[in-house]
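# Fold and contact review
Now for the letters of each chain:
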Amino acid sequence: MRFDRLITFVLAALLMVWTAGAALSQTAETPQTPDAVQSADPAQPLPEASPSGAVAPASDGTETVAPATPVTQTPSEAVAPVSPAIVAAEEKLDAAEADMARLQQRVEENAENDTTLVDLKLEAEELARSMLDVGVSLRPRQTEIKARLDQLGAPPSEGEPAEPETLKAERTRLAEERAAINALTGRAEAVSVQASELGDKISSLRRDLFANTLIKRTELGPGLMSEALIALKVEIGRVERIYGSWIKFVWSFKWQAVLAWCFFSLLAALVLVAGAFRVFGWLIHRETGGEEPSYTSRLSVAFWSTLIPTVAMAALAGIVYLLADSLSLLRRDVAPVIGVALAVVVGIYFVSKLARAVLSPNMPAWRLVNISNSGARLLYVMVVALVVVNGLDFVLNTVSQTLDSPVVLTVAKGLLAVVLMSLILIMMSMGKPMLAASGDPADSGQRWPRVIFSTLLLAGVGLFLTALLGYIGLARFVATQIVVTGAILTMMYIGYLSGRAISTQEAFAGTAIGRWLEARYELGPMSLDQAGLAAGLLINLLVLMLGLPLILLQWGFQPQDIELWFYRIMTDIRIGGITISLVGIFFGVVMFIIGLIVTRWFQRWLDGSVMSRGRMDTGVRNSIKTGIGYLGVAIAGLIGVSAAGLDLSNLALVAGALSLGIGFGLQNIVSNFVSGLILLVERPFKVGDWVSTSTTEGFVKKISVRATEIETFNRQSIIVPNSELINSPVGNWTHRNKLGRVDVPIGVSYDSDPRQVVEILTEIARGHELVLRNPEPVVHFSGFGESSLDFVLKCHISDVLNGITVRTELSLRIFERLNAENIEIPFPQRDLNIKLGDDGEVLAAIKQKTGGGPGAAVKRSRAKSPSKPAPAPETQAKAERRRRPSKAKADSMDVDDVAGEGDK
């Protein structure tokens, strides 16, 4: 990289010059600079006499401490020593009252200095908070005094025996001490009230100062411009004299410090700027060829290509200023100008990088707005010109403040800057930057839309008219907000769009970071989506943390204000009588998470290292492990609540109220509530599981603390109380996973080959795309049926919810395959064998039952049977034996049974 080589070469040259100058300076006498003269140690004043002893000069010039004169104590003082807490409180109150008087005087003296007023407000609020500590420090002693007075009891009334003098003296001493504590507490409250009132007064002064600065009107005319020209000549002469003498002095007497400053500044530039490009270059790299980048890539590159270089440049500017200040290169009148100039450079760099990222004048494929190439170049030049004019006005205004220039010169410079910025805005409104109708960025563009054209034109004309009317301060403020606040808002909007684009589903997986995480840690699509959501939230948080303070600074707030607000938001949010601390809540959550981690680790250690070696029963091990888990969660919750600063007494009140409610008939509600907590913690089933209870079966749609919503297969929602789910058996088809088994029963005729049937069923199951190969499908010969050989095909599928579909498809395929193989699927048949007696009573009964002749029953039975082809000659005898009932069975059949079969 050419930039790296250039800086390295300059660093080497500076190092050689610095080494040679150090060698030459050792042979020459170093001149005494005015700084050295000023830094000479003044004569030390004589120490003050201390209460413990007096300081007396000795003959050798040293000082000796004379022994202190012993202090005699009165009997009352010896008997009634003063409490150390009261002495410390008195000293602190005396110092606080002195500070309060000093702050009031400084507020009156700096009523026109906004920065000093902010510091004074911070001191006043700190003083008010310190007064609370005084009351807290005195509270234990006051409690002790009250307890001792209660032990002594009330003094004797008239007519009662007098108490001993020692008790009387002790009671008097305690009463006086309590009165002194009450007086100190009153003084502390008074100082706290005065500090709060002073803070409110400072806020009012700052508001008035800001309003007066904006609405202050200046009469413009020829006399003003002539005075401004005269003042400009005087200021130019003063600038040449002051800054010229400073440069000559630094170069003549501190040239080694200058070389060191240049060396370390360039080294910082090499580390920060060049290093940032090397480390984060993959985030801001724009590919010139290949496919057109996606909108997500364009947003991401625009955001990071603006943020990373700007942060690096701001860090470099801060280091350069701190190096110059630490090497004593800056004078008191030069340091503010140098600091403002560096800040302006960073601001110009930020706006230029942002404009280049959004407009992309030389790379239309990475452009975020639909404008032409010529329009992008014109807008880029105009935006940079706006920020340059505004930055120069800010620097020149700082120079005038340090030189105490006349107000007329400041007004004239502000008027010139506002007029230039208004003309730039008007020129921007007159341009034709929009994309042509052809859609080609190289073609000439079109005019702005009416809304944008009107906004730019009104802004330019409004600034010009406001300046001509004499409201220079208001015009400068509005112009600054148009440039700087507009740039910050644009940056925040790009960051917001980047975070939203990255957090969309499957978007993070297509980014460079997502591909790296997927390759490095083998993350799945769900994990990458979760990482993208977290990345989007972090980007939005980063945008808020960087953008809001910058906007507040532009609108007149001081850094101390932002720090105070941030401190209050994090530690002191008041809602009625409740105080919420975000830091405390965060710390409590962290402690709770740590407690959970420790509990889980202890559970695993106890189960795997202790109970497993003792060959303890699995059920007992699980009970102990679960109990320890509950106990650990409870302890972690208590620690987290205490760390968050919440009052546990409120929980005790809630527990007492619940106990009272339970006693008055809320047992069922509490039972459902506790059962819901158990369901949420143990998670025996979750939303989306297929469960079956004693009353219903369906999918879990919602689990609340009182009831669970189950949707049946008929789309009916059943609300089941949680206590029923806890106290009754619940089947969960998808508890551990969605793996399930499908059973397909089938029966074939006795003429079939069972082994052939098993092979056919196994082949059909293996050929189905939803049937798992592990576990493999199996076929069981379940038994000999009345009319068929019974088999059961059992196979596993990955999703039990597809069981009906798989069972139907398998049944269809089995039916088609068995027909193709000429394997019969029979249905139940009945063959009746009737033995006739000698008399005709049996025949008459049969005829009466069947309604036909002697052979009607047999004929009717045969009519219900399907016609079958005649069996083969070799199987004729076998079929006869199968159809012939046993003798015992035939003998057991009576006439009524036969008649009943005939009816059927």
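Residues numbered from 1 in each chain as written. Predicted model: local features only at pLDDT ≥ 70, side-chain atom pairs only at ≥ 80, totals over all residues. Heavy atoms only, no water.

## What about the packing of aromatic side chains?
As enumerated under the stated definition, the model contains 11 aromatic pairs in all. A ring pair is formed by Phe 602 and Trp 605, whose centres lie 5.8 Å apart and whose planes are at 35°; its orientation type is tilted. Taken together, the positions of Phe 602 and Trp 605, both in helix α18 (residues 582-611) and three residues apart, correspond to about one turn of that helix. On the basis of relative accessible area, Trp 605 is assigned to the partly exposed category, the value being 39%. On the basis of an interplanar angle of 85° and a centroid distance of 5.6 Å, the ring pair of Phe 699 and Phe 713 is categorised as edge-to-face. In this pair, Phe 699 sits in strand β6 (residues 697-703) while Phe 713 sits in the loop between β7 (707-711) and β8 (717-721), placing the two residues 14 residues apart along the sequence. (Phe/Tyr/Trp six-rings, centres within 6.5 Å; stacked < 30°, edge-to-face > 60°. Helix = DSSP H or I, 4+ residues; strand = E, 2+ residues; numbered from the N terminus. Buried < 20%, exposed > 50% of the residue type's maximum accessible area, 1.4 Å probe, protein only.)

## Observations concerning helix α10 (residues 335-359)
Between its first and last C-alpha, α10 extends 36 Å over 25 residues, near the 36 Å set by a 1.5 Å rise per residue. Where α10 terminates, the next one or two residues include Ser 360, which has phi positive at roughly 45°. (Expected span 1.5 Å × (residues − 1).)

## Notes on the sheet that holds β7
The strand order across the open sheet built from five strands is β8-β7-β6-β5-β9, with neighbouring strands paired in antiparallel fashion. Strand pairing shows two members of the sheet lacking a second neighbour, β8 and β9 (731-732), which therefore form its edges. (Pairing = 2+ DSSP bridges.)

## Points about the nonpolar core
In this structure, Phe 303, Trp 304, Met 428 and Ile 494 are the most contacted members of the largest nonpolar core, which totals 65 residues. Ranked by residue count, the leading element in this core is helix α14 (residues 472-503), at 13 residues. If sequence neighbours within four positions are ignored, Trp 304 has contacts with Leu 283, Ile 284, Pro 309, Ile 539 and Leu 542. Core analysis: the next-biggest nonpolar cluster, separate from the first, contains 26 residues, Met 131, Leu 149, Val 191 and Leu 198 among them. (Core = buried A, V, L, I, M, F, W, Y, C linked by side-chain atoms within 4.5 Å. Contact = heavy atoms within 4.5 Å.)

## What to know about helix α5 (residues 114-152)
An ideal rise of 1.5 Å per residue puts 57 Å on 39 residues; α5 measures up with 58 Å between its terminal C-alpha atoms. By the largest-angle criterion, Arg 139 marks the main kink of α5, which is about 35°, and a proline, Pro 140, follows within four residues. Following α5 by one or two positions, Gly 153 has its phi on the positive side, about 80°. (Bend = angle between axes of the 7 residues up to and from the residue.)

## As for unusual backbone geometry
The amide bond that connects Asn 774 to the next residue, Pro 775, takes the cis arrangement and shows omega of 5°. Mapping Pro 775 onto the fold places it in the loop between α23 (754-767) and β11 (778-784). Even without being glycine, Arg 715 reaches a positive phi, approximately 65°. Considering the arrangement of structural elements, one finds Arg 715 in the loop between β7 and β8.

## What to know about a nonpolar patch on the surface
A grouping of Trp 555, Phe 557, Trp 565, Ile 569, Leu 582, Ile 585, Val 589, Ile 593 and Ile 597 is seen on the molecular surface, where their side chains present a nonpolar patch of about 780 Å² in accessible area. Looking at the nonpolar patch, the elements with two or more residues in it are α17 (559-571) and α18. A total of five residues in the nonpolar patch trace back to one element, the largest contributor, which is α18. Looking at the element boundaries, Ile 593 is found in helix α18. (Patch = residues over 30% accessible without salt bridge, like charges linked within 9 Å, V, L, I, M, F, W, Y side chains within 5 Å. Areas by Shrake-Rupley, 256 points an atom, 1.4 Å probe, with all protein chains shown as cover. Salt bridge = Lys/Arg side-chain N within 4 Å of Asp/Glu carboxyl O.)

## Focus on the packing of helix α7 (residues 222-253) against helix α11 (residues 373-403)
Running from amino to carboxyl end, α7 crosses α11 at an angle of 80°, the nearest separation of the two axes being 11 Å. Relative to α11, α7 is oriented roughly perpendicular. Residues Glu 235, Arg 238, Val 239, Ile 242 and Tyr 243 of α7 touch α11, and the partners they reach there are Val 399, Ser 400, Thr 402 and Leu 403. (Axes fitted to C-alpha atoms, helices over the stretch in contact; angles between N-to-C directions. Parallel < 35°, antiparallel > 145°, perpendicular 65-115°, else oblique.)

## With respect to the pattern of salt bridges
This model, assessed by the stated rule, comprises 21 salt bridges. Note that Arg 741 is salt-bridged to Asp 743, the shortest N-O span being 2.9 Å. Among the charged side chains, a network of salt bridges with common partners joins Arg 141, Glu 144, Arg 173 and Glu 177.

## Comments concerning the confidence of the model for the protein
Here the protein shows a mean pLDDT of 77. Residues at 70 or above account for 78%. Counted against residues more than four places away or in other chains, residues 24-80, with its pLDDT under 50, gives 32 contacts. For the stretch residues 853-904, pLDDT sits under 50, and the model shows 27 contacts to residues farther than four places along the chain or on other chains. (pLDDT = per-residue confidence, 0-100.)

## Some thoughts on the environment of Arg 706
Inspection of the secondary structure assignment puts Arg 706 in the loop between β6 and β7. Relative accessible area serves as the criterion here: at 45%, Arg 706 is assigned to the partly exposed category. Considering only alpha carbons, one finds Arg 706 and Val 674, 32 residues apart in sequence, at a separation of 8.3 Å.

## Considerations on empty space enclosed by the protein
On inspection of all chains with the given rule, the structure shows one cavity of 30 Å³ or more. In this model, the largest cavity occupies a volume close to 30 Å³. Lining the largest cavity we find Leu 770, Ile 797, Ser 798, Asp 799, Asn 802 and Val 806. By residue class, the composition of the lining of the largest cavity is three nonpolar, two polar and one charged. (1 Å grid on protein atoms, 1.4 Å probe; cavity = no way out; pocket = protein on both sides within 12 Å on 5 of 7 lines; lining within 4 Å. Points joined across faces, edges and corners; volume = space filled by probe spheres on them. Nonpolar A, V, L, I, M, F, W, Y, C, P; charged D, E, K, R; others polar.)

## A look at the sheet that holds strand β12 (residues 789-797)
In spatial order, the strands read β10-β12-β11; together these three strands make up an open sheet with antiparallel pairing. One side of each edge strand has no neighbouring strand; the edge strands of this open sheet are β10 (740-748) and β11. This sheet shows a mean twist of 25° between the axes of neighbouring strands, independent of strand direction. Direction of pairing for β10 relative to β12: antiparallel, over a ladder of nine bridges.

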